[in-house]
Every structure is written in C-alpha cells, then in structure tokens.
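Fold and geometry: a report
If you want the building blocks of each chain, they are given just below.
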Amino acid sequence: MAEHSTIEWTDATWNPVRGCTKISPGCKHCYAEVFAERFRGVPGHPYEQGFDLRLVPEKLAEPLRWQTPKMIFVNSMSDLFHDGVPDDYIETVATVMVKANWHTYQILTKRSARMASLLRGKLRFAAMLPHIWWGVSVENKEYGLPRLRDLREAPVSVRFLSIEPLLEGLGSLRLKGINWVIVGGESGHGARPLKKEWVTEIRDQCLDAGVPFFFKQWGGIQKKRAGRILEGKTYDGFPERTSNPVIPAAAALHWAREIREKYYAARGELLPVLA
Ligand code: SF4
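The shown structure was predicted, so the numbers you read here are calculated from the model rather than taken from an experiment.

**Considerations on the packing of aromatic side chains**
Enumeration according to the criterion identifies 14 aromatic pairs in this entry. Look at F35 and Y47: their rings are 5.8 Å apart centre to centre, the planes differ by 85°, and that puts the pair in the edge-to-face class. One end of the pair, F35, is in helix α1 (residues 31–37); the other, Y47, is in the loop between α1 and β3 (54–55), and 12 residues separate them in sequence. On the accessibility criterion, F35 (26% relative accessible area) is partly exposed. Since its relative accessible area comes to 1%, Y47 is described here as buried. Measuring from ring centre to ring centre gives 4.8 Å for F215 and W218, while their planes differ by 70°; the resulting arrangement is edge-to-face. According to the relative accessible area criterion, F215 is buried, its value standing at 0%.

**Looking at the sheet that holds strand β9 (residues 213–217)**
What the 7 strands build is an open sheet, ordered β1-β4-β5-β6-β7-β8-β9; its pairing is parallel. Edge strands, defined here as strands with exactly one partner in the open sheet, are β1 (12–14) and β9. Strand after strand, the sheet turns through a mean of 25° between neighbouring axes, direction not considered. Contacting β5 (104–109), β6 (132–137) and β7 (158–163), helix α6 (residues 141–153) runs over the sheet at an angle of about 155° to β6.

**Section: helix α9 (residues 249–266)**
Its 18 residues place the ends of α9 26 Å apart at the C-alpha level, agreeing with the 26 Å of an ideal helix rising 1.5 Å per residue. Among the residues of α9, A252, A256, I259, R260, Y263 and Y264 are the ones counted as buried. Around the axis of α9, the buried residues are gathered within 125° of arc, so they sit on the same side. Exposed residues on α9 whose side chains face more than 90 degrees from its buried face are A250, K262, A265 and A266. Of the surrounding secondary structure, the elements contacted by the buried residues of α9 are β3, α2 (62–65) and α3 (87–99). Count one or two residues on from α9 and you reach G268, which has phi positive near 70°.

**Details of the pattern of salt bridges**
One pass over the full model with this rule turns up 16 salt bridges. The partner of E186 in a salt bridge is R192, with the nearest N and O atoms 2.8 Å apart. R192 shares its class with E186; the two are buried. Across the pair R203 and E231 runs a salt bridge, and its minimum N-O distance is 2.8 Å. Of this pair, R203 sits in helix α7 (residues 196–209) while E231 sits in the loop between β10 (229–230) and β11 (233–234), and the two are 28 residues apart along the sequence. Note on E231: relative accessible area 47%, which makes it partly exposed.

**Examining the layout of surface pockets**
Think of a ball as big as a water molecule: rolled over the atoms, this probe shows where empty space is left. There is about 1,300 Å³ of room inside the largest pocket. What lines the largest pocket is a set of 44 residues, among which H29, C30, Y31, A32 and S76 lie closest to the centre. At the level of secondary structure, the elements contributing two or more residues to the lining of the largest pocket comprise α1, β5 and β9. Residue contributions to the lining of the largest pocket peak at 4 residues, all from α1. Split by residue class, the lining of the largest pocket holds 16 nonpolar, 18 polar and 10 charged. Size it by volume and the second largest pocket reaches roughly 290 Å³. Surrounding the second largest pocket, D88, E91, T92, T95, K99, F125, E258, I259, K262, Y263, A266 and R267 form its lining. Secondary structure elements with two or more residues in the lining of the second largest pocket: α3 and α9. Looking at the lining of the second largest pocket, its residues break down into 4 nonpolar, 2 polar and 6 charged.

Definitions and limits used
Residues numbered from 1 in each chain as written. Predicted model: local features only at pLDDT ≥ 70, side-chain atom pairs only at ≥ 80, totals over all residues. Heavy atoms only, no water. Phe/Tyr/Trp six-rings, centres within 6.5 Å; stacked < 30°, edge-to-face > 60°. Helix = DSSP H or I, 4+ residues; strand = E, 2+ residues; numbered from the N terminus. Buried < 20%, exposed > 50% of the residue type's maximum accessible area, 1.4 Å probe, protein only. Pairing = 2+ DSSP bridges. Axes fitted to C-alpha atoms, helices over the stretch in contact; angles between N-to-C directions. Contact = heavy atoms within 4.5 Å. Expected span 1.5 Å × (residues − 1). Arc of directions from axis to C-beta. Salt bridge = Lys/Arg side-chain N within 4 Å of Asp/Glu carboxyl O. 1 Å grid on protein atoms, 1.4 Å probe; cavity = no way out; pocket = protein on both sides within 12 Å on 5 of 7 lines; lining within 4 Å. Points joined across faces, edges and corners; volume = space filled by probe spheres on them. Nonpolar A, V, L, I, M, F, W, Y, C, P; charged D, E, K, R; others polar.

Nothing here speaks to function; it is geometry throughout.
Here it is, written out as structure tokens:
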C-alpha cells in the first residue's frame, strides 16, 4: 500500500488484503479500523468500504515493482490469516514473497493456529526462507501465550513477537527459538496504560536469552511526547537480515504480470489494467 511507512520497525507496508474483524482485547482500539472507517462511503477511496474485509488482487504483485530492498510489513491494515482470506490467496501472497526475495517480509497475525497449520502444509515452500519473518501479536497472557506456542511449533526460520499493546505483565516467557521481540504501549484516545515493570521484565528476559529487543513506544494520548526511551536508552534490536540480489526490473515485471494473470485466469476473469 505504501512504499514508505512511519511504523518504527519497518520501511514499507503492503496490503493485498484490506479490513478485518476483532478477535481479542488487543483489537479494542485497532488503528487500522479507525483509519479505514474515516473513509467509508468516500467514492473511489481505497477504504470506500471502511474496514470490511476484502481482497485487493491488484496489489498482489506490488513488491516485485519495488527495486530497492525494503523491510515490508505485510497487511498492516488487516490480518493475512483471517478466515475470510482463502488459502489460495495466501499462497499467492507467499509466492510473491518468495520471488521478490531482495526484500525482508514481516507477517504478523492474531490467527496463529491457522498460520501454523498452513506453514506445515500449503505454505511450506515459504516457511523456512530467512527473508520472511513470521510473527504473532501478544497483548496478554490469555490470548498471547497460546499464540506464542503456535509460533514456536511452526517450522519457520525467523519468528517474532509483537507485544503491543502490552496490557499486563506477562511473567516468564519461553523465548527459545524466538528471533525478535517488539514491545509497545497503546496510543490514542482511551489508550490503556503501560507499566514500566511489564516492559523491563520482557527486556531483561530478551537480554538474558540473546533475543534482539525493540521498544517501540510508551504510547498514551500524546505518543510522540511520551517517546520510546526506556531507562535512558533506545532499544532498536532487529534480527539479522539476509541480502539477496535484486533481479532486473524487466524480469521482475514479467513475474508480476505472470502472477496476476494466473490469479485472474483461475477465476475466469480478465486481467484489469493497473492505474
Ligand atoms: S487482528 Fe489486527 S487488524 Fe484485525 S482487528 Fe485486530 S488489531 Fe485490527
């Protein structure tokens, strides 16, 4: 969707799906919903249908058109593993990530059981590639810890946790096999409070386990003012990135067309002209 992003831990966002439905307490003040609903009913706007779930096949091949390597947050405005997204669509998204391998992809879900099951089956071809990072959201113990279990059991190369918005102390975490942890507080109106000891407890476990730790924000109503300094320090840890050569633009565009043609042909539809 956007070749540049203001999210602190990524460079760009790519949204081949738009919209979602709430599934757990972390969704209460979903920023994607607030953003999308502002444009409901605006003719021709990408969010004309508000936050209703919809596939956006014209965006499927977008990373193949970006020649500069980026960290790409996949579906910042949705959840790729939502029940309403068909398996074959998710497979096509994964095919693009496999082909455009000069980027690093960050996939984050709250539907961890479906993600883990697909990674053991139809997505096996993409699971172990080190330029694709698979992550789950963890907001509290009740919902977050089972997701952590699903992720740990998924046969992938890079696993990460987005612990945001952190809503309570999580206690002792099993971080074996986890390659990255992001922590942040909720922001905006009605933001639920974040306690420092909840954050330091996670940071200390990451430091002990040698897991890169990224502190995104304290959050609150004025998140810029609250900043992201924790005990006098900025935490900007990332996993190591692999670097793959960028293929020539003509070849990338050929693949982009092939992927889109295949998608539309399977549905008996004509390939639309891109704007
Ligand atoms: S899963 Fe993510 S995108 Fe979907 S409603 Fe919850 S916070 Fe929003």
